[in-house]
Structures are given as structure tokens and as C-alpha cells.
Amino acid sequence: MASPFECEVRYRIPDMKVFEHVLSEAGARLVYTYAFTDHYFRPSSRDWDPRRRSLRIREWRDGRHPTAILFTRIALDKQGDLIFKRSLDPEGKLTLLEAPLDRCRSLLADLGFEPWLTLVKDQASFWQLPGFITVTEHVEGLGWTGELEFEGTDPEQARRNIEAALRVLQVPRRLVTPRPLSVIYAERHGLL
């Protein structure tokens, strides 16, 4: 779902069956399903704040996409009373290398990075709704989450878009966070 300076929030889905009904009522159309594993790394010799940047190897399960090293830099942006994460690069996730998993791991080790955590998204879906898209993902060790992302060239417009989509999806604000998924996972499992 990459868009320029992507602005994104994540939301927790307590009951996927109920949420699928909400999607249906909102006119959602399933575009495709996917599954992948993200292997997160961090440097072994210096400070690294995973709330502000991430380095990971994305290993797709279907073989249609190449395994790749992805780098992301973000900042939290507050517009009104909504906080979302905003990419500091217009591309959002920067692809540093597409290669087999072993080659990606070897390069990161040579650069002084070590494995940190692994997120397995074993059931994920990309949904088209009138006016926006969302994804739903089951993450091992976390459960169901959703993601909304909008172009962030104009953060105030992104806020309005996110809030409108949350209303359509009937997602209460208490279930919404700007934190990266890796940080949510790390906090839940005592890795931060």
C-alpha cells in the first residue's frame, strides 16, 4: 500500500468474524490475500530506536514476490487529536536488496546487524472499500490487526481520510495506534 510520505495507523481487530461483517456492510471487496514473514534486524553496536526506523527482510510465502531487505524511517505526526506514523521518505519502505533469504541475512550480518524479532503474517487480506483501502492481517503472537494508509504529502488531509475510514470501519479510537507493528509485538513480548 505504498503512497508518497505514507501516513498510517494500525488498529486491533478483537473479533475477525464481526469485522468481516462490517467490511461486507461497508461494501468492501477482497482484492487479494497474501502471507509473509518479516525478519527484523538491528545493529549490534549502536543505539537503534525501532519507533523511528526499521530494517527487515520480507520473505513472501507465495513465491510471486522476491525476498527483499526493506528500510523505513518514520516520525509520529499529530493532526488534531489523531496521531499517525508518517514516512520520512516519499517511497515509504525503501528496497535495499532483492535476493534469496540467506544472501539478505549475510549482507545484514556483514553490515553489523543482528536478528531482533520475526513477525509471521500467516493470513492477510487487501480490501478495497468505496474511497479507501485497508488490510487485515493475522500476526502470530498478536492476533488480528488492520492497517489504514493514506498519502502524506498533506498530513491534515491524511488525518481527515484516516478518521473517515475509521468511522466507516467502526473502529473505536481506543483500538488505534500509530506505533509500528514490530514495536507493538516487541512491547507485548518484553523485547523493548
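To keep things clear, this report deals only with the structure shown in the data block. Only a predicted model underlies this, so the values are computations on that prediction, with no experimental measurement involved.

Section: the overall build of the protein
Of regular secondary structure, the protein possesses four helices and ten strands. When the helices and strands of the protein are placed in sequence order, the string is β-α-β-β-β-β-β-α-β-β-β-α-β-α. Here the protein has a C-alpha radius of gyration of 17 Å; the compact-globule value for 192 residues is 16 Å, and the two agree. For the C-alpha atoms alone, the extent of the protein along its principal axes is close to 50 × 35 × 30 Å. Looking at the protein residue by residue over its 192 residues, the buried ones come to 49%. Summarising the internal contacts of the protein: among those between residues at least 6 apart in sequence, 66% fall at separations of at least 24. Element-wise, carbon and sulfur atoms account for 49% of the exposed surface of the protein, whose accessible area totals about 9600 Å².

Focus: helix α2 (residues 101-110)
Residues L101, C104 and L108 constitute the buried set of α2. One side of α2 carries all its buried residues, which in axial view fall inside an arc of 65 degrees. What points out from α2, more than 90 degrees from its buried face, is the exposed set D102 and D110. Its buried side turned inward, α2 meets β2 (29-43), β3 (53-60), β4 (68-79), β6 (94-98) and β7 (113-129).

Here's the deal with the packing of aromatic side chains
Both the distance between ring centres and the angle between the ring planes are used here to describe each pair of aromatic rings. This structure, assessed with the given rule, holds eight aromatic pairs. Both rings, one in Y32 and one in Y34, keep their centres 6.0 Å apart while their planes meet at 55 degrees; by these two values the pair is tilted. The exposure class assigned to Y32 is partly exposed, which follows from its relative accessible area of 40%. Judged by relative accessible area, which is 11%, Y34 ranks as buried.

Some thoughts on empty space enclosed by the protein
Under the defined criterion, the tally for this structure stands at one cavity of 30 Å³ or more. Here the largest cavity defines a volume of roughly 30 Å³. Lining the largest cavity are Y40, F41, R42, W48, P50, R53, S54, L55, W116 and S182. Mapped onto the lining of the largest cavity, the elements with two or more residues apiece are β2 and β3. Residue composition of the lining of the largest cavity, grouped by class: six nonpolar, two polar and two charged.

Description of the pairing of strand β1 (residues 7-12)
Burial within β1 is extensive, with five of its six residues counted as buried. Summarising the sheet, β1 and strand β5 (residues 82-87) pair through two bridges and their orientation is antiparallel. Within β5, the residue paired with C7 across the bridge is R86. With six bridges joining them, β1 and strand β9 (residues 143-150) adopt antiparallel strand pairing. Pairing of R12 across the sheet is with T145, part of β9. Across two bridges, β1 lies against strand β10 (residues 176-177) in antiparallel orientation.

Some words on helix α4 (residues 181-188)
Among the eight residues in α4, six count as buried, and that is most of the element. Buried positions along α4 lie against β1, β2, β7, β8 (132-139), β9 and β10.

Regarding the nonpolar core
Membership of the largest hydrophobic core comes to 22 residues, with the highest contact counts inside it found for Y11, F19, L148, I162, L169 and V171. Going through the elements one at a time, β1, α1 (16-25), β5, β7, β9 and α3 (155-169) are the ones with two or more residues in this core. In terms of residue count, the dominant contributor to this core is α3 (five residues). When residues no more than four places from it in sequence are discounted, the contact partners of L169 are Y11, F19, V22, L23, L129, F132, T134 and L148. Counting eleven residues, the second-largest nonpolar core is a separate cluster that includes F41, L55, I57 and F71.

Quick notes on the rules
Position numbers for residues start from 1 in each chain and track the written sequence from start to end. A pLDDT threshold of at least 70 governs which residues receive local features in this predicted model, and a stricter bar of 80 or more applies before side-chain atom pairs are shown or counted, although totals over entire chains, interfaces and linings include all residues. Side-chain metrics rest on all non-hydrogen atoms present in the structure, leaving aside hydrogens and water. Strands are runs of DSSP state E lasting at least 2 residues, helices are runs of H or I lasting at least 4, and numbering of each runs from the N terminus. Computation of the radius of gyration draws on C-alpha atoms, with the globule rule given as 2.2 Å multiplied by the number of residues to the power 0.38. Think of it in three bands: with a 1.4 Å probe and only protein chains considered, a residue is buried below 20% of the maximum accessible area for its type, exposed above 50%, and partly exposed in between. Contact between two residues is taken to exist if any of their heavy atoms lie within 4.5 Å; hydrogens are not considered. Each accessible area value is a Shrake-Rupley result obtained with a 1.4 Å probe; residue values ignore everything except the protein chains displayed when judging cover. What the arc describes is the spread of directions from the helix axis to the C-beta atoms. The aromatic pairing rule takes the rings of Phe, Tyr and Trp, using the six-membered ring of Trp, and pairs them if the centres are within 6.5 Å, calling planes under 30 degrees apart stacked, those over 60 edge-to-face and the rest tilted. In the cavity and pocket records, a cavity denotes points on a 1 Å grid over the protein atoms alone where a 1.4 Å probe fits but cannot get out, a pocket denotes an open set with protein on both sides within 12 Å along at least 5 of 7 lines, and lining residues are residues with an atom within 4 Å of a point. Grid points are joined across faces, edges and corners, and a volume is the space filled by probe spheres set on the points. Residue classes follow a fixed rule: Ala, Val, Leu, Ile, Met, Phe, Trp, Tyr, Cys and Pro count as nonpolar, while Asp, Glu, Lys and Arg count as charged, and any other residue, Gly among them, counts as polar. Strands qualify as paired when DSSP identifies two bridges or more between them. What we call a nonpolar core is a set of buried Ala, Val, Leu, Ile, Met, Phe, Trp, Tyr and Cys residues that are connected through their side-chain atoms within 4.5 Å.

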